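What the coordinates show
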Amino acid sequence: MEENTTIDIRAINEKIERESAFIDLLTMELSKSIVGQKHMIERLLIGLLGQGHILLEGVPGLAKTLAISSLCKALHGTLSRIQFTPDLLPADVVGTMIYNIKQNEFSIKKGPIFANFVLADEINRAPAKVQSALLQAMQEKQVTIGDQTFHLERPFLVLATQNPLEQEGTYPLPEAQLDRFMLKAVIDYPKMEEERLVMRQNLKGASDVINQVVSVEQILKAQQMVREVYMDEKIEKYILDIVFATRFPEKYKLAELKPLISYGASPRGSVNLAIAAKCYAFIKRRGYVIPEDVRAVVHDVLRHRIGITYEAEAENITSVDIINKIVNEVEVP
């Protein structure tokens, strides 16, 4: 029995290695226009392969828009950008019914949500109604306009951005809605050498053209392949231990975290951590998940799923600090 399992894993590994060859091509193509920001590119690929959505937090000018438009060109997909403002309405996102005087009937005008890649810029500037309309479409992958329901295009990836600097006139996303995002990635400033390259590229004025290197069909096939990546029961238990430690820290010799956590990660956190670890293994061209894959994605999957108390805020303890303590304490298989 054990021998069969080994053969299966070897077969899966070879298959994944073969099918994930396009990842290198895609990364090379994206690096034409994006200097550095390896973390952001990896997270975009995890979201794309795992059929999840990404919340990016970072100051303006860190190539968030450029990254998703470059990815779209490399796939030859459709892209739409929604600039979220306080006066935006749900119909501006999903679409609406328009009365046609000539034909004396209502016709449907689809909104910008009908695209492969949707960039929701500064999502925290829009009121709750608009946020919930977008998040409902993200969750259900379909939109109802009037009495008709439309399925959204596949692949479908929403990249929402948040500016951490300005809080005036913003509507913070409620915790339940934050949970809809597979990953929350925090983008930092580039290194000095990387910024030098960015500066030179901009001064030259001419940027490299992004060519299509992957087809939409290849991505849809890869999304199915990701599910085939082997995950051992020990890795499953490791993921559950990390998530349960956010809910019941005292059971994992972390009683000091109890007063710092107001609520732990939801079951969606466990599911997304498992999918993200599989996607990370796929990106690394491996057919099985190892603990390092889980550790590589755990911060981005759980940072927005753990609520911190006023006591933690008073001590300047963030959800990332809590995740670090949990990851250091939970036994690695």
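Heads up: these notes are all about the structure in this document. (Residues numbered from 1 in each chain as written. Predicted model: local features only at pLDDT ≥ 70, side-chain atom pairs only at ≥ 80, totals over all residues. Heavy atoms only, no water.)

**Looking at the sheet that holds strand β8 (residues 157-162)**
Note the threshold: If DSSP finds at least two bridges between two strands, the strands pair. Here a strand is any run of E in DSSP of at least two residues, a helix any run of H or I of at least four, and the numbering for each starts at the N terminus. Throughout, an axis means a line fitted to C-alpha atoms (over the contacting stretch in the case of helices), and angles, computed between N-to-C directions, take values from 0 to 180 degrees.
Across the sheet, which stays open at both edges, the five strands sit in the order β2-β5-β8-β1-β9 with parallel pairing between neighbours. Either end of the sheet is taken by a strand with one partner, and the two such strands are β2 (79-83) and β9 (183-186). The mean angle between the axes of side-by-side strands here comes to 20°, regardless of whether they run parallel or antiparallel. Two elements, strand β5 (residues 117-121) and β8, share four bridges in a ladder whose sense is parallel. Residue pairing for β8: leucine 119 is matched across the bridge by leucine 159.

**What about the nonpolar core?**
The following threshold applies: Nonpolar cores were defined as sets of buried Ala, Val, Leu, Ile, Met, Phe, Trp, Tyr and Cys residues, with membership established by side-chain atoms within 4.5 Å. For the exposure calls, accessible area comes from a 1.4 Å probe over protein chains only, and a residue counts as buried if that area is under 20% of its type's maximum, exposed if over 50%, partly exposed in between. Contacts are residue-level and defined by heavy atoms, with any inter-residue pair within 4.5 Å sufficient.
By size, the foremost hydrophobic cluster in this structure holds 74 residues, and its most contacted members are Phe22, Ile46, Leu49, Leu71, Phe282 and Val294. No other element matches helix α11 (residues 267-283), which puts ten residues into this core. Not counting the four nearest positions on each side in its chain, leucine 49 is found in contact with Phe22, Ile23, Ala222, Gln223, Val226, Cys279, Phe282 and Ile283. In terms of nonpolar packing, the next biggest core, distinct from the first, is built from 28 residues, Val118, Ala120, Ala126 and Val158 among them.

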